[in-house]
Amino acid sequence: MSDLDFYAHVATRCDVLGAGIGSGLAAWEAMVGSDYVDDAGDGLVRRDYGLVELSFSDADGPLSCFGIGVQVHRLVHGPCVPAPLEREYGEFAPRARFEELRSVILSLGCTVEPDDLSGDIHRYRVPESDARILVIADPDPHGDGDHDVDDPEIHQAGDVWALSISPAWWGPR
């Protein structure tokens, strides 16, 4: 298994090691581990595992997950992968190319379609899961001109920025 397999699994199955939308705090901790930071307030909790970021709400009873973000862009700054993910999928590269991820998703029998191609970040949708894939379109959006397109250690056009799963953000599946 590889990091691309992980991203494709999240994009097509909408879970991380079996925890997903509707899972509680304890279920996520059991699957992804106890190395996280919680930011809580007013019936909401944002749980940050580094690569994986979760949103919880108590609007419908006990705290349950309503949003999953896989923050691929954080990997260029150093390791931030929860240990259970590394054990399952191996080492994660600092960057992920959208076309490579798209190929893996297609090989799983799903499709990827444009959702919003305006702006510096393009958004694609996996219709079978309603997951969103955010892709860097312009790595130098402010036009500073100091972006090195040959530097493998910084974000480039075509890199996956993040994956986003949430019926609350994107509508029902």
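The residue numbering used here restarts from 1 in each chain and proceeds along that chain's sequence as written. In view of the model being predicted, local features appear only for residues whose pLDDT reaches at least 70, and side-chain atom pairs are presented and counted only at 80 or more, with totals across whole chains, interfaces and linings using the full set of residues. As a rule here, side-chain values cover all heavy atoms of the structure and leave hydrogens and water aside.

Caption draft 1: Molecular detail of the overall build of the chain. The helix and strand tally for the chain stands at five helices and 10 strands. Note on exposure labels: buried denotes an accessible area under 20% of the residue type's maximum, exposed denotes more than 50%, and partly exposed covers the range between, all computed with a 1.4 Å probe on protein chains only. Burial status across the chain gives 44% buried among its 173 residues. Note on areas: Shrake-Rupley, 1.4 Å probe, and residue coverage restricted to the protein chains presented here. Carbon and sulfur atoms make up 49% of the accessible area of the chain, which amounts to about 8600 Å² in all. Counting from the N terminus, the helices are DSSP H or I runs at least four residues long and the strands are E runs at least two residues long.

Caption draft 2: Layout of the nonpolar core. As used in this record, nonpolar core signifies buried Ala, Val, Leu, Ile, Met, Phe, Trp, Tyr and Cys residues forming a set joined through side-chain atoms within 4.5 Å. In terms of nonpolar packing, the biggest core is built from 43 residues, with Phe6, Tyr7, Trp28, Leu51, Leu85 and Ile133 touching the most fellow members. With six residues, the single largest contributor to this core is helix 1 (residues 3-13). Aside from chain neighbours lying at most four places away, what touches Ile133 is Phe98, Leu101, Ile105, His122, Arg123, Tyr124, Val126, Val160, Ala162 and Leu163. Two residues form a contact once any of their heavy atoms are found within 4.5 Å.

Caption draft 3: Fine view of helix 1. The buried count for helix 1 comes to eight of 11 residues, which makes it a mostly enclosed element. Turning to helix 1, its buried residues are Asp3, Leu4, Phe6, Tyr7, Ala8, Val10, Ala11 and Thr12. You can read the cap of helix 1 off the contacts: a side-chain oxygen lies 3.3 Å from the backbone nitrogen of Leu4, and it is on Ser2. Taken from the residues just after helix 1, Cys14 is the one with a positive phi, measuring 60 degrees. As used in this structure description, the phrase polar contact means that two N or O atoms lie within 3.5 Å; if the pair is within protein, one of them must be able to donate a hydrogen and the other to accept it, and residues adjacent in sequence are counted only when both atoms belong to side chains.

Caption draft 4: Structural context of unusual backbone geometry. Although it is not a glycine, Leu17 adopts a positive phi angle of roughly 55 degrees. You can see Leu17 is positioned in the loop between strand 1 (15-16) and strand 2 (19-20). A residue is classified by how much of its surface remains accessible, and Leu17, at 18% relative accessible area, is buried. One non-glycine residue, Asp42, adopts positive backbone phi at about 55 degrees. With respect to the helices and strands, the residue Asp42 is situated in the loop between strand 3 (37-41) and strand 4 (44-48).

Caption draft 5: Here's a closer look at the sheet that holds strand 10 (residues 160-165). Only strands joined by at least two bridges in the DSSP assignment are considered to pair. Across the sheet, eight strands lie side by side as 3-4-5-6-10-9-8-7; this open sheet has antiparallel pairing. Of all strands in the sheet, those with a lone pairing partner are strand 3 and strand 7 (113-116), marking the two edges. Pairs of neighbouring strands in the sheet enclose a mean axial angle of 20 degrees, with direction left out of account. Sheet topology places strand 7 next to strand 8 (residues 121-126); three bridges connect them, and they run antiparallel. Residue pairing in the sheet places Pro114 in a bridge with Tyr124 of strand 8. Note on geometry: axes are C-alpha line fits, over the in-contact stretch for helices, and angles between N-to-C directions span 0 to 180 degrees. Across the face of the sheet, helix 2 (residues 25-32) comes into contact with strand 4, strand 5 (52-57) and strand 6 (64-70) while running at roughly 5 degrees to strand 4.

Caption draft 6: View of the environment of Val126. Checked against the element boundaries, Val126 lands in strand 8. The class of Val126 is buried, set by a relative accessible area of 0%. For the pair Val126 and Arg102, spaced 24 residues apart in sequence, the C-alpha to C-alpha distance is 9.6 Å. With residues near it in sequence (within four places) discarded, Val126 still touches Ala11, Ile105, Cys110, Thr111, Val112, Ala131 and Ile133.

Caption draft 7: Here's a closer look at the packing of helix 1 against helix 4 (residues 98-107). Two elements in contact, helix 1 and helix 4, have axes whose closest approach is 9 Å; the angle formed by their N-to-C orientations is 60 degrees. The orientation of helix 1 with respect to helix 4, classified from their angle, is oblique. Crossing hand, helix 1 versus helix 4: right-handed. Seen from helix 1, the contacting residues are Leu4, Asp5, Tyr7, Ala8, Ala11 and Thr12; seen from helix 4, they are Glu100, Leu101, Val104 and Ile105. Residue classes in the contact of helix 1 with helix 4 are distributed as seven nonpolar, one polar and two charged. Should an angle fall under 35 degrees it is taken as roughly parallel, and over 145 as roughly antiparallel, whereas 65 to 115 is taken as roughly perpendicular and any remaining angle as oblique. Here a crossing is taken to be left-handed if its near helix is turned anticlockwise relative to the far helix by less than a right angle, and right-handed if that turn runs clockwise. As a working rule, the residues Ala, Val, Leu, Ile, Met, Phe, Trp, Tyr, Cys and Pro are called nonpolar, Asp, Glu, Lys and Arg charged, and the rest polar, with Gly in that last group.

Caption draft 8: Layout of the packing of aromatic side chains. What counts as a ring pair is set by centres within 6.5 Å for rings of Phe, Tyr and Trp (its six-membered ring), and what kind of pair is set by the plane angle: stacked under 30 degrees, edge-to-face over 60, tilted for all other angles. For the structure shown, the criterion picks out six aromatic pairs. Between Phe98 and Tyr124, the aromatic rings sit 4.3 Å apart at their centres with planes inclined by 25 degrees, giving stacked as the arrangement. Of this pair, Phe98 sits in helix 4 while Tyr124 is found in strand 8, placing the two residues 26 residues apart along the sequence. For Phe98, a relative accessible area of 5% gives the class buried. Residue classification places Tyr124 among the buried residues on the basis of a relative accessible area of 15%. Each member of the aromatic cluster is reached from another via a ring pair, and the members are Phe6, Tyr7, Tyr89 and Phe92. By definition, being over a ring means that NZ of Lys or CZ of Arg is both within 6 Å of the ring centre and within 35 degrees of the ring normal. Directly above the aromatic system of Tyr36 lies the positively charged group of Arg47, at a separation of 3.6 Å from the ring centroid.

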